[in-house]
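# Coordinates in review
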Amino acid sequence: FMMNILIRRLLLFVILVTAVTLPFIESNAKTIKVYQVPIEDVVEKGLFKFLQRSFSEAEAAGAEAIILDINTPGGFVDAAGDIAKLLDTTKKKMEVIAYINDDALSAGAFLALHADRIYMSPNGRIGAAAVIDAAGNAADDKAESAWQAAMENAAKSSGRDPEYALAMVDKSYDIPKYRAGVGKLLTLTASDAKEVNYSEG
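Read on for an overview of the structure. Keep in mind the model is a prediction, meaning the values are calculated, not measured.

### Regarding the pairing of strand E4 (residues 117-120)
Residues Ile118 and Met120 line the buried face of E4, whereas the alternating positions Arg117 and Tyr119 sit on a face that is not buried. Where strand E3 (residues 95-105) meets E4, 4 bridges bridge the pair, whose relative direction is parallel. Each residue of the ladder has a partner; that of Tyr99, found in E4, is Tyr119. Between the parallel elements E3 and E4, the chain passes through helix H4 (residues 107-112) in a crossover that is right-handed.

Written out as structure tokens, the structure is:
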């Protein structure tokens, strides 16, 4: 009988403590504002203007992070360079997260590497970043060398092994495990990217 009384009192105490503490916990929960911004189709000058406006709006709204929803076959090197500078400036104010859904190819790979973190859909791909001219032909040595340096710096800026970024640009890099070399540029699948630290998950 005494045991039953003790158990009832203990249960009553637990219920009262829970009733008092739960509202306190909920009232201290922090709301985090995140903006999702798409990078779709071709990377070009109009995209730079769109991202500039979107990032300004996110900053004005007090966002703590921006998620770039990336699905692009690539685009123009000059536009990608401008967007990369914008990303680097924005990262000083809020976190920039790239979500590859499903392709970040060519200039898209370059932009993803400028984010603080990269996540990928299960069917995601990143790579195949050869630079070509407006006619669709391989660029000259000068343009190719500059693009290789840009990809290398992008990888280093986010703490990733630059060898994989260079293999995305240069067919002479031999990484057979990931289907690169012997005339083939590197393109990483979602699982490949996770293995080589080119995505967080």
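### Considering helix H3 (residues 77-90)
A rise of 1.5 Å per residue sets the reference length of H3, with its 14 residues, at 20 Å; its end C-alpha atoms lie 20 Å apart and thus fit the reference within 8%. When we look at burial in H3, the residues that qualify are Ala79, Ala80, Ile83, Ala84, Leu86, Leu87 and Thr90. Along the axis of H3, the buried positions cluster into a sector of 160 degrees, meaning they face one direction only. Against the buried residues of H3 lie strand E1 (34-43), helix H2 (45-60), strand E2 (65-75), E3 and H4.

### Some words on unusual backbone geometry
The linkage connecting Asn101 with the following residue, Asp102, adopts the cis geometry, with an omega of 15 degrees. Mapping Asp102 onto the fold places it in strand E3. The phi dihedral of Ser106 is positive, around 55 degrees, even though this residue is not glycine. Counting through the fold element by element, Ser106 comes out in the loop between E3 and H4. The buried category is assigned to Ser106, whose relative accessible area is 12%.

What counts, and at which threshold
Residues numbered from 1 in each chain as written. Predicted model: local features only at pLDDT ≥ 70, side-chain atom pairs only at ≥ 80, totals over all residues. Heavy atoms only, no water. Buried < 20%, exposed > 50% of the residue type's maximum accessible area, 1.4 Å probe, protein only. Helix = DSSP H or I, 4+ residues; strand = E, 2+ residues; numbered from the N terminus. Pairing = 2+ DSSP bridges. Right-handed = clockwise from strand over helix to strand, strands pointing away. Expected span 1.5 Å × (residues − 1). Arc of directions from axis to C-beta. Contact = heavy atoms within 4.5 Å.

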